[in-house]
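# Analysis of the macromolecular model
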Amino acid sequence: MTLKSSSLWRSLRAYQIYGANTNVGKTIMSTVLCKVFARKFPNESTWYLKPVSTGPLDEADDRHLTRFSPETRTSCLFQFDEAVSPHIAARSSKPPSDSDIQEQVLGHLASCAQSGAGTILVETAGGVHSPTPSGSSQADLFRPLRLPVCLVADHHLGGISASISAFESLHIRGYDLDLILQFEESKYQNHTYLKAFFEKKDILELSLPLPPPQGQTQEEDIEVMSEYYEKMSKLDQVDETISKLSEKHASRIKNLEQMSSRAYDQIWYPFTQHRDVSPETITAIDSASGDFFQTHSISSLSPSQENILAPTFDGSASWWTQGLGHGNPELSLAAAYAAGRYGHVMFAGTIHEPALLLAEKLLRNLDNPRLSRIFYSDNGSTGMEVATKMALTAAFERYEWAVPKENVGVLGLKGSYHGDTIGAMDCSEPSTFNEKVHWYRGRGYWFDFPQVKMVRGKWIVDVPAGMESEFGEGEDFASLAHIFDIEARSNSLACQKYRGYIERTLERLVKEEGMTFGALIMEPVILGAGGMLFADPFFQHILVRVIRNSAYLFSPSIPLPTQYSKSWTGLPIIFDEVFTGLYRLGRFSSASFLQTHPDISVHAKLLTGGLVPLCTTVASESIYDAFIGEEKRDALLHGHSYTAHPVGCHVANTSLDILQDLEAGESWREYKDDWRVANESGDVDVVIERSVVPSYSSTDVWSAWSKDFITLISHSREVESVIALGSVLAINLQDQHAGKSPNRYSSTAATGLQKKLLNRSVDFKIHVRVLGNVLYMMASQTSKPETMRSIEKFLVAELG
């Protein structure tokens, strides 16, 4: 769901009433609270909302509030006559979707906020996990609103367990529990136990006497309940509880308003020039759900503004990690399960089920016959550090070069970036990221390469300026899918040009300049931090092929492995799939786009769906064998305290299962249909089930960003070019100074559009990052088409 407003207002106190079970007295407690709020704040309004109600209309909860708290304005959004669970009651008619309910609840809250100061209670149906009309859990339905919760405990036999379980279900979903409401029952005395339990968690608690038995007649019942409500609403402890609830509301707002200033004084941000930082530039994030943050920014909100938070699209996918939506309950439960079962356990010399299952799952689904071993680390940079150690050691062990080890470099692509650790930095050419790092010494050679982009409505392979004699004049293609048709392009002039250029360059570097190389390292398809550079996949394919056929260059005396050997040849090939892998570009592995298999691949970011850090470096047996020796120093002496931590591994298993289910299901169908291109046989799709190893045809190329949108903005006078693949969008903006500066990141061409996106007032704000004159945006793998189209519409309007 796309929230078009926040659920936190300055002068509206909003609370959600949950029950630990059905028939625990939610409506009675709501009535007491409404009466007290109305009495304590006589100049304010009090509202009560029942989103979904089942049962006869004359027994409806909102009718009860109207009768016993007439000063409260009551509403019910969806009423079903049958006194059963909402998912059953709704069968008699077309049930409202979760989005319908969310939008109407939020609309009602906004209407109340706009009408003046006051308090609203939103009472749920049944227990915490009672089904909604659609069949989902209401705990998940209302999570995007994240209203503070008042939980009515269960005072019956078994109620202690039910109440604690209800609290944990809400807590693990990120709800704030402000108040526990209880009835004092003398036999089971649940309230005594639960009061002590929740006091340890610093949660307010209010216990009230049980309501009187039901009267023999309706008139008698109304009379005794009226007396009960009048008495309860005048109790000192109730009044004190209301005061504390109000203080919590004010304290939450105050904390949000101070966070940016506090952070400015204490936080050192990554990838940030702090000369440009001020409290006004720091965005406070209160929570996140799905594709959206709930944010507070002092630069855009005045002290008198009612809305404290603004829904903000996570346009960088939280730096490329987010894939399954923030606050995903399946991932949260997976993390909690592993934390409860294991915590963290030692990994060297041991094995636990999540790590073993994840290794097997990755090896099976990467579908690379070369790969057989999984090494765990904690993030992409360290994973690449491990990969570099593996490759260089394997090459050195085989070729036994008579050069100092520190003189062995790598081959790569210009603009590549593989992380911030020292070794990973040395695998990239000098750039903004490393040129001032004292120990940095770029070790290697980085090829310039043709790039894929859409310009003025045409997909082209663009040749670097001045290299037309090497690569040719570039090409136009009928579709993006045609660029990925490696087989069809194998007989092209480009194939000859690319192969000749790479072979001549390697001959010069090795034979004439005396350089020694131990690996080829590439980000398949798109070079992320380099500026979202879309490399011609055919060039990358040819580069791998030439390297593997050039063993004679690297050591003429070493015999070649047999033709069908899984051993690496020429040099070990490393694919850095930290950014591009695991469905970021629409496929399980981005290596499949190049139709070649690396000897080592590195996977992180989307591996855990964006929840916790984890990285895997996957290697071939021939790489692994290079570390088998008589002494410990022959081993791969690399590790982390939290290597293969069970929480991360179990979350990763869950994440990959969900992603594969998305691929096998209909979730991406609309996107794929938009980009569909039939091949010569007429086939347009490959249906993949989770139990089946993914396989793709050259036409399986699609984007969550619509084809018409990409074409339209490519014609904008402000746009030099645009790319889109999977969930990635990158807009290269015109900048007359971009080619003149040696530092592409010095461009400010994209910052104006970045600010407009963050400050937009329609639907929701959009938080993005820029790379020089490139504004990029990244959807998650669960982004809704309506969200994408809303963003596209805004970009079209801004870019003309």
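Residues numbered from 1 in each chain as written. Predicted model: local features only at pLDDT ≥ 70, side-chain atom pairs only at ≥ 80, totals over all residues. Heavy atoms only, no water.

### Description of the side chain of serine 163
- Within the secondary structure, serine 163 is located in helix H6 (residues 159-172).
- Only 2.7 Å separates the side chain of serine 163 from the backbone oxygen of glycine 159, close enough to count as a polar contact.
- If we skip the residues at most four places from it in the chain, serine 163 touches Ala20, Leu151, Ala153, Asp154, Leu194 and Phe198. (Helix = DSSP H or I, 4+ residues; strand = E, 2+ residues; numbered from the N terminus. Polar contact = N/O pair within 3.5 Å; in protein donor to acceptor, adjacent residues only side chain to side chain. Contact = heavy atoms within 4.5 Å.)

### Quick look at the packing of aromatic side chains
- As enumerated under the stated definition, the model contains 35 aromatic pairs in all.
- Relative to phenylalanine 539, the ring of tyrosine 498 has its centre 5.3 Å away and its plane inclined at 80°; by these criteria the two rings are edge-to-face. Taken together, the residues span a long stretch of sequence, with tyrosine 498 in helix H18 (residues 493-512) and phenylalanine 539 in helix H19 (residues 537-548) at a distance of 41 residues.
- In this structure tyrosine 498 comes out as buried when scored by relative accessible area, which is 2%.
- Consider the rings of tryptophan 705 and phenylalanine 709, whose centres lie 6.3 Å apart with planes at 35°: the pair is tilted. The two residues tryptophan 705 and phenylalanine 709 agree in class, both being buried.
- Through pairs of rings, three or more aromatic residues link up here, namely Tyr445, Phe447, Phe471, Tyr498, Tyr501, Phe538 and Phe539.
- The cationic tip of arginine 373 hangs over the ring face of tyrosine 624; the distance from NZ or CZ to the ring centre is 3.8 Å. (Phe/Tyr/Trp six-rings, centres within 6.5 Å; stacked < 30°, edge-to-face > 60°. Buried < 20%, exposed > 50% of the residue type's maximum accessible area, 1.4 Å probe, protein only. Lys NZ or Arg CZ within 6 Å of the ring centre and 35° of its normal.)

### Some thoughts on unusual backbone geometry
- Of note, aspartate 202 is a non-glycine position whose phi angle comes to about 60°, a positive value.
- Along the chain, aspartate 202 falls in the loop between helix H7 (190-199) and strand S7 (204-209).
- Residues other than glycine seldom take positive phi values, yet glutamine 595 does so here, at roughly 55°.
- Assignment of secondary structure puts glutamine 595 in the loop between helix H21 (591-594) and strand S21 (600-603).
- Of the residues examined, glutamine 595 reaches a relative accessible area of 42% and is grouped as partly exposed.

### Points about the sheet that holds strand S17 (residues 516-522)
- Spatially, seven strands are ordered S11-S22-S21-S20-S17-S12-S13 in an open sheet, and the strand pairing comes out mixed. Each edge of the open sheet is held by one strand with a lone partner, namely strand S11 (371-377) and strand S13 (444-447). Each strand of the sheet is rotated relative to its neighbour by a mean of 20°, with strand direction disregarded.
- Sheet topology places strand S20 (residues 573-576) next to S21; three bridges connect them, and they run parallel. Note that in S21 the partner of phenylalanine 575 across the bridge is serine 601.
- Along the sheet face, helix H12 (residues 353-366) touches S11, S21 and strand S22 (615-620) and points at about 135° away from the line of S11. (Pairing = 2+ DSSP bridges. Axes fitted to C-alpha atoms, helices over the stretch in contact; angles between N-to-C directions.)

### Observations concerning the pairing of strand S27 (residues 774-778)
- Counting buried positions over the five residues of S27 gives five, a clear majority of the element.
- Covered by surrounding structure in S27 are Val774, Tyr776 and Met778 together with Leu775 and Met777, the residues of both alternating faces.
- Alignment of strand S26 (residues 770-771) against S27, held across two bridges, turns out to be antiparallel. The residue bridging leucine 771 from the neighbouring strand is valine 774, located in S27.
- Remark: two residues form the turn of the hairpin made by S26 and S27, two consecutive strands paired antiparallel; glycine 772 in that turn has positive phi of roughly 65°.

### Observations concerning the sheet that holds strand S4 (residues 118-123)
- What the seven strands build is an open sheet, ordered S3-S2-S4-S1-S5-S6-S7; its pairing is parallel. Because the sheet does not close on itself, it has two edges, and the strands there are strand S3 (73-80) and S7. Each neighbouring strand pair of the sheet contributes to a mean axis angle of 20°, computed without reference to strand direction.
- By the bridge criterion, seven bridges tie strand S2 (residues 45-54) to S3 in an arrangement that is parallel. Its bridge partner lying in S3, serine 53 is registered against glutamine 79.

### Description of the pairing of strand S1 (residues 12-19)
- Among the eight residues of S1, eight are classified as buried, and the element is accordingly described as predominantly covered.
- Here S1 shows two buried faces, one formed by Leu12, Ala14, Gln16 and Tyr18 and the other by Arg13, Tyr15, Ile17 and Gly19.
- Across six bridges, S1 lies against S4 in parallel orientation. Bridging across to S4, isoleucine 17 finds its partner in glutamate 123.
- Relative to strand S5 (residues 149-152), S1 runs parallel, the two sharing four bridges. Across the sheet, the residue bridging to glutamine 16 is valine 149, located in S5.

### Some points on the packing of helix H1 (residues 26-40) against helix H8 (residues 218-232)
- Contact geometry of H1 with H8 gives a least axis separation of 9 Å together with a crossing angle of 55°. Here H8 runs oblique to H1, going by the angle between their axes. Relative to H8, H1 is oriented so that their crossing is right-handed. Of the residues in H8, those touching H1 at Ile28, Thr31, Val32, Lys35 and Arg39 are Tyr228, Tyr229, Glu230 and Met232. (Parallel < 35°, antiparallel > 145°, perpendicular 65-115°, else oblique. Left-handed = near helix turned anticlockwise from the far one by under 90°.)

### Description of the pattern of salt bridges
- Taken as a whole and assessed by the stated rule, the structure comprises 34 salt bridges.
- Residue arginine 146 pairs with aspartate 286 through a salt bridge whose shortest N-O separation is 3.3 Å. A residue pair is termed long-range when its members are at least 10 positions apart, and arginine 146 in the loop between helix H5 (138-141) and S5 and aspartate 286 in strand S8 (residues 284-289) qualify at 140 residues.
- According to the relative accessible area criterion, arginine 146 is buried, its value standing at 9%. (Salt bridge = Lys/Arg side-chain N within 4 Å of Asp/Glu carboxyl O.)

### Structural notes on the nonpolar core
- In this structure, Tyr376, Leu480, Met532, Phe539, Ile710 and Met777 are the most contacted members of the largest nonpolar core, which totals 156 residues.
- Per-element accounting of this core gives the leading share, nine residues, to helix H13 (residues 380-399).
- Apart from residues no more than four positions distant in its own chain, isoleucine 710 is found in contact with Met454, Trp459, Trp675, Trp705, Val722, Ala724 and Leu729.
- By size, the runner-up hydrophobic cluster in this structure holds 40 residues, among which are Trp9, Leu109, Ile164 and Leu170. (Core = buried A, V, L, I, M, F, W, Y, C linked by side-chain atoms within 4.5 Å.)

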